[in-house]
Amino acid sequence: MTFNLSTDLPAWKKLQALYNSSGKDFKVTEAFQKDPSRFEKYSKTFTNFDDSEILFDFSKNLIDDEVLAELLELAKEANVEGLRDAMFAGEKINTTEDRAVYHAALRNRALKTMAVDGKDTSKEVDDVLQHMKEFSDQVRSGEWTGYTGKQITDVVNIGIGGSDLGPTMVTEALKHYAQPGLNVHFVSNIDGTHIAETVKGLNAETTLFLVASKTFTTAETVTNANSAKTWFLESAKDTKHIAKHFAALSTNAEEVAKFGIDTKNMFGFENWVGGRYSVWSAIGLSVAIYIGFDNFNNFLKGAEAVDTHFQTTPLSENIPVLGGLLSVWYNNFHGAQTHLVAPFDQYLHRFPAYLQQLSMESNGKSVTRGNSFTDYQTGTILFGEPATNAQHSFFQLVHQGTKLIPADFILAAQSHNPIEHNLHQRMLASNFFAQAEALMVGKDKAQVESEGATGGLVPHKIFSGNRPTTSILAQKITPAALGALIAYYEHVTFVEGAIWNINSFDQWGVELGKVLAKVIGKELEDKTQKVETHDPSTKGLINKFKEWSA
Ligand code: F6P
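Residues numbered from 1 in each chain as written. Predicted model: local features only at pLDDT ≥ 70, side-chain atom pairs only at ≥ 80, totals over all residues. Heavy atoms only, no water.

- For the protein chain, an unreviewed UniProt entry supplies the name Glucose-6-phosphate isomerase and the organism [Candida] railenensis.
- Comment text from UniProt for the protein chain, heading Sequence similarities (unreviewed entry), reads "Belongs to the GPI family."
- Recorded in UniProt for the protein chain, the comment headed Catalytic activity (unreviewed entry) runs: "alpha-D-glucose 6-phosphate = beta-D-fructose 6-phosphate". (UniProt positions renumbered as here; feature names shortened; annotations may be inferred.)

### Regarding the pairing of strand β6 (residues 183-187)
Point 1. The pairing of strand β5 (residues 154-158) with β6 spans five bridges and is classified as parallel. Looking at β6, one finds that Ile158 is bridged to Val187.
Point 2. The parallel pair β5 and β6, bridged by helix α7 (residues 162-173), forms a crossover whose chirality is right-handed. (Pairing = 2+ DSSP bridges. Helix = DSSP H or I, 4+ residues; strand = E, 2+ residues; numbered from the N terminus. Right-handed = clockwise from strand over helix to strand, strands pointing away.)

### Quick word on helix α8 (residues 192-200)
Point 1. Of the positions making up α8, those classed as buried are Ile195, Thr198 and Val199. Relative to the axis of α8, the buried residues are bounded by an arc of 85° and lie together on one face.
Point 2. Buried-residue contacts for α8 involve β5, β6, β7 (207-212) and α9 (219-236). (Buried < 20%, exposed > 50% of the residue type's maximum accessible area, 1.4 Å probe, protein only. Arc of directions from axis to C-beta. Contact = heavy atoms within 4.5 Å.)

### Some points on the environment of Phe545
Point 1. Locating Phe545 in the fold gives a position in helix α22 (residues 536-549).
Point 2. Residue classification places Phe545 among the partly exposed positions, given a relative accessible area of 46%.
Point 3. Expressed as a C-alpha distance, the spacing of Phe545 and Leu524, which sit 21 residues apart in the sequence, is 9.0 Å.

### Section: the site of the ligand
Point 1. Within the structure, the ligand sits among 13 residues, and Gly162, Ser163, Ser213, Thr215 and Thr218 are positioned closest to it.
Point 2. Between an oxygen atom of the ligand and a side-chain N or O atom of Gln357, the distance comes to 3.2 Å.
Point 3. Put simply, the parts of the chain that give the shell around the ligand at least two residues each are α7 and α15 (351-363).
Point 4. Among the residues making up the shell around the ligand, the classes are represented as two nonpolar, nine polar and two charged. (Near = heavy atom within 4 Å. Polar contact = N/O pair within 3.5 Å; in protein donor to acceptor, adjacent residues only side chain to side chain. Nonpolar A, V, L, I, M, F, W, Y, C, P; charged D, E, K, R; others polar.)

### A look at unusual backbone geometry
When glycine is set aside, most residues are seen to have a negative phi, and most peptide bonds are trans.
Point 1. For the bond from Ala387 to Thr388, the omega torsion is 15°, close enough to zero to count as cis.
Point 2. Following the sequence through the fold, Thr388 ends up in the loop between β11 (381-383) and α16 (395-400).
Point 3. Even without being a glycine, Asn371 presents a positive backbone phi close to 70°.
Point 4. Structurally, the position occupied by Asn371 is in the loop between α15 and β11.

Here it is, written out as structure tokens:
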């Protein structure tokens, strides 16, 4: 069925009617009483290429068979499968940029034919990976040395957005696999503090900069890279030493050469890789250096296994499809505005920040693929922090606030740091289970009173419950498991976008601010000259800034 507005789809209308009749009053605790097999029915286990498993428990969500059947019908009517197949066939589904969306080709470790414009990508992708392997092996072994012959001890990735968030998150998440004595740092912010504080403790002789930018024109990255070059040359003096200390991860060989980086030290990828999907590409070089190529390869293979699952599993058993459909159910029918992702895992502390770009840059759109403004909600506001910290900050609102906040909780059964006879891990896990249970079952008036509360205190101690969570239980956060988790969220984002009929792969919304910043940047050069343009607020702020910074 071709459609423009998702609200026109018959299944959408049926879901609205279902929500109005019974969906809005659905009680998940009652559903468990009615159906003792609910956990088994709504839990799905993903088996990775290395036979490790991840359990996705969807049973605490506000769905029953009728709702789920209609959501699956919605996926059919919205042609999720057709669009998915078009993506995996290398078709140009990013229509506003006329590009294929082919990050899956970057983790095609089976080396299947995956073509764009009739040209197979597998060889080219594998060649870059081989180059990354060689280079990362050399840096890790000490064969690659700095200009004075010393081994590299510090790798600084300079990038922003997808050229920063992916490698930052993945190196943090897989720190356990890092080589001792080799440190990674990430500089993204144009605030000079970021690069200044990063290089403060570093030695130019043993520092390698990776300038990560798909376009190599991003103002923040180019400015930070130039500052890094200045800092480096203060010690190295001669530009001929740059070749040993700067590598580029980019699609733009011309700009890389202009910057002064030897294109032999350039790791390329194609424009069919979106920035927020680029950690699998050369942008992941800092990861490969940090954890070693074999681990990086397993990271890719974990994602590849999810790609296969997403492509070949019937919709009703398809884990990312279910995750995406739940998101639509909450956003568009229950009126939820947000989605919380709380990893019960310190290694995953940057995972929510990473997912923010993935989800919000992809689906923060209000125009359909048919070029009409939507008359329904799209992109959810994704946020999160690692639990248990989050429990002691914003979970109050999740438990007792006025908003419905569907949440994903993530835990690995085995800790990489089972200290104190695993006491920490048991406490962490007990919170993972307890939070999801508490959000679901809540605490009613009778219970509160039976515990001794009286009078005006009673309502304050009531928890309404019925707040949905998806519990994601991995066995261990390995490279393979992390690759799978990221790919899961990529495909959830894909399914949401397909149903909302938006282009999840462009990002025009970041352009306007960039253009205005350029204009204002020029105006700030002369501190004494007051500006007369702009709206009164912006003008007032700029002139006060000039006065105070003079
Ligand atoms: O902010 C827009 C954006 O294009 C992101 O999508 C991207 O990840 C980021 O800028 C960085 O872009 P580049 O890798 O080209 O420097």
